[in-house]
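# An overview of the molecular structure
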Amino acid sequence: MTVLLYDASFAGFLTAVFEVYEYKFSEPFISGNESQSGSLFGNLHKVVTNKEKAGRVQSKLKEKLSAGAFKQVYDAWLSELKGMENVLLRYIQYALHTKLAVENDYSNPDVLLVQQTSRKVHREKHRMEAFVRFQLTKDELYYAIIQPDYNVLPLICRHFKERYADQRWLIYDGLRKYGLHYDGHKVEEVQMEFNADLNNEDQRRMVYDENEILFQELWKQYFTSINIKARKNMKLHIQHMPKRYWRYLIEKQ
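Please read all numbers here as calculations on a predicted model, not as lab measurements.

One finds F13, I30, L65, L88 and I171 to be the most contacted residues of the largest nonpolar core, which totals 50 residues. Excluding anything up to four places from it in sequence, I171 contacts F134, A144, I146, L153, I156, F160, Y178, G179 and L180. The next biggest cluster of nonpolar side chains, apart from the first, holds five residues, and it includes L141, Y143, I145 and Y172.

Right, let's talk about unusual backbone geometry for a bit. One can expect most non-glycine residues to show negative phi and most peptide bonds to be in trans. The backbone of A8 sits at a positive phi, close to 65°, despite the residue not being glycine. As for its position among the elements, A8 is in the loop between β1 (2-5) and α1 (10-22). Note on A8: relative accessible area 43%, which makes it partly exposed. Although it is not a glycine, E80 adopts a positive phi angle of roughly 60°. For E80, the position within the fold is in the loop between α3 (67-78) and α4 (84-96).

Once that is clear, we can look at the sheet that holds strand β2 (residues 28-31). The strand order across the open sheet built from three strands is β2-β1-β3, with neighbouring strands paired in parallel fashion. The open sheet has two free edges, formed respectively by β2 and β3 (43-46), since each of these has just one partner strand. The mean inter-strand angle of the sheet, taken between neighbouring strand axes irrespective of direction, is 25°. Of the strand pairs in this sheet, β1 and β3 are connected by four bridges, and their pairing is parallel. Bridging across to β3, L4 finds its partner in H45. Contacting β1, β2 and β3, α1 runs over the sheet at an angle of about 170° to β2.

Attention now goes to the pattern of salt bridges. One pass over the structure, following the stated rule, counts ten salt bridges. The salt bridge involving R158 is made with E162; its shortest N-O contact spans 3.0 Å. Separated by four residues within a single helix, R158 and E162 lie in helix α6 (residues 153-163), roughly one turn from each other. The class of E162 is exposed, set by a relative accessible area of 55%. Salt bridges sharing partners connect three or more residues here, namely E19, E22 and K53.

Right, let's talk about the packing of α3 against α4 for a bit. At a minimum axis distance of 9 Å, the contact between α3 and α4 shows a crossing angle of 160°. Classified by the angle their axes make, α3 and α4 are roughly antiparallel. Our pair here, α3 against α4, has a crossing hand that is left-handed. Packed against α3, whose contacting residues are A69, V73, A76 and W77, the element α4 presents M84, E85, L88 and Y91 at the interface. Across the contact of α3 with α4, the residue classes tally to seven nonpolar, no polar and one charged.

Criteria and cut-off values
Residues numbered from 1 in each chain as written. Predicted model: local features only at pLDDT ≥ 70, side-chain atom pairs only at ≥ 80, totals over all residues. Heavy atoms only, no water. Core = buried A, V, L, I, M, F, W, Y, C linked by side-chain atoms within 4.5 Å. Buried < 20%, exposed > 50% of the residue type's maximum accessible area, 1.4 Å probe, protein only. Contact = heavy atoms within 4.5 Å. Helix = DSSP H or I, 4+ residues; strand = E, 2+ residues; numbered from the N terminus. Pairing = 2+ DSSP bridges. Axes fitted to C-alpha atoms, helices over the stretch in contact; angles between N-to-C directions. Salt bridge = Lys/Arg side-chain N within 4 Å of Asp/Glu carboxyl O. Parallel < 35°, antiparallel > 145°, perpendicular 65-115°, else oblique. Left-handed = near helix turned anticlockwise from the far one by under 90°. Nonpolar A, V, L, I, M, F, W, Y, C, P; charged D, E, K, R; others polar.

Structural data, given as structure tokens:
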């Protein structure tokens, strides 16, 4: 077995796929996790991300797959599920080695898993678009913290750029330690160590705009007032708003 260690970027993954063919590895295992690189049962091949190689694989896939199927491949990769790179490798090999359309061949376990995973990532994307709660800081920056199950920041970027085009914002993934920053013109990825715990009242007053705490209290009161106790259905409520999202929802504090 040859372990192909890449930099955990999508371009790096596509480069790894290219090099599987380039070097004719008979038993490839693609990993973005360096802790798996010390396998006693295989050789290590370090993949250096190459835009030309990645572009060639992407172009070939777009010839073989529909736009929707290619998006499923990308969404499944964003899931970060253990072993997903190798599920995708087998999926890609299957697509490239047959003249038939493979994307709806659910008798193939890899095709089925990619499709199912893509749906889960897509649902998480929509939930993040609904559950993001921006808070205004003293320097006029709207920020929000999220911890999605999957790496959906790249998928929600367009939504927030279009919807909040007239304000500066930062959406930070507290689990993956990176965020998207919009300066009013363009969105950039930022790497940072961010203190996501603002429960301390003094710290909150140092960071928030002077009206932000008032707005948060008004929002909590509104949320409480529209709830009818006699019609309370926590099971249904949790179904639509799972508890794992409550940590950064203002109305749940």
